[in-house]
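Understanding the architecture of this molecule
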Amino acid sequence: MGRLRRSSPTIEQAEARANGLKSKDKDFDLGNNLTAVTYEQAITATRAKLDTYNQTLATADTQLDELITAERNLKELSGRV
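Rules behind the numbers
- Residues numbered from 1 in each chain as written.
- Predicted model: local features only at pLDDT ≥ 70, side-chain atom pairs only at ≥ 80, totals over all residues.
- Heavy atoms only, no water.
- Helix = DSSP H or I, 4+ residues; strand = E, 2+ residues; numbered from the N terminus.
- Contact = heavy atoms within 4.5 Å.
- Expected span 1.5 Å × (residues − 1).
- Buried < 20%, exposed > 50% of the residue type's maximum accessible area, 1.4 Å probe, protein only.
- Core = buried A, V, L, I, M, F, W, Y, C linked by side-chain atoms within 4.5 Å.
- Salt bridge = Lys/Arg side-chain N within 4 Å of Asp/Glu carboxyl O.

So, the environment of Arg6
- By secondary structure assignment, the location of Arg6 is in the segment before α1 (9-24).
- When sequence neighbours within four positions are dropped, the list of residues in contact with Arg6 reads Leu50, Tyr53 and Asn54.

Next up, the structure:
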């Protein structure tokens, strides 16, 4: 009963764009503080947020499973009272 994990077409597109730019110039600098380094940092930061979000969903799924099990046990006990 797990929640769907997110993927990010935006991250995938940015990674492809960065790879394309780096194939022409490894240390590209497009001006206005848009360099290979700043672009890669933004991609990495966004991917970290996505990973954290998906890990949080996994934790929530585990907690929900534990809650459902506890409710079943409690229901069974209540039926015996």
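Things to note about helix α2 (residues 36-80)
- Here α2 is 45 residues long and its end C-alpha atoms lie 66 Å apart, about the 66 Å a rise of 1.5 Å per residue gives.
- Within α2 the residues assigned to the buried category are Ala36, Tyr39, Ile43, Leu50, Asn54, Leu57 and Asp61.
- Summarising the contacts, the buried residues of α2 are in contact with α1.

What about the nonpolar core?
- Core analysis: the largest hydrophobic core is formed by 8 residues, namely Ile11, Ala14, Ala18, Phe28, Ala36, Tyr39, Ile43 and Leu50.
- Secondary structure elements with two or more residues in this core: α1 and α2.
- Here this core takes 4 residues from α2, the largest share from any one element.
- Excluding anything up to four places from it in sequence, Tyr39 contacts Ala14, Arg17, Ala18, Phe28 and Leu34.

Section: the pattern of salt bridges
- Evaluation of the coordinates by the stated rule reveals 5 salt bridges.
- A salt bridge links Arg5 to Asp61, with the nearest nitrogen and oxygen atoms 2.9 Å apart. With Arg5 in the segment before α1 and Asp61 in helix α2, this residue pair connects regions lying 56 residues apart in the sequence.
- Notably, a salt bridge pairs Lys22 with Glu40, separated by 3.1 Å at the nearest N-O pair. Here Lys22 is found in helix α1, whereas its partner Glu40 is found in helix α2, with 18 residues between them in sequence.
- Lys22 gets classed as partly exposed once you look at its relative accessible area, which sits at 30%.

Quick word on unusual backbone geometry
- The phi dihedral of Asn32 falls on the positive side, at around 50 degrees, and the residue is not glycine.
- Here Asn32 is to be found in the loop between α1 and α2.
- Its identity is not glycine, yet Asn33 carries a phi of approximately 65 degrees, on the positive side.
- Looking at where Asn33 falls in the secondary structure, it is placed in the loop between α1 and α2.

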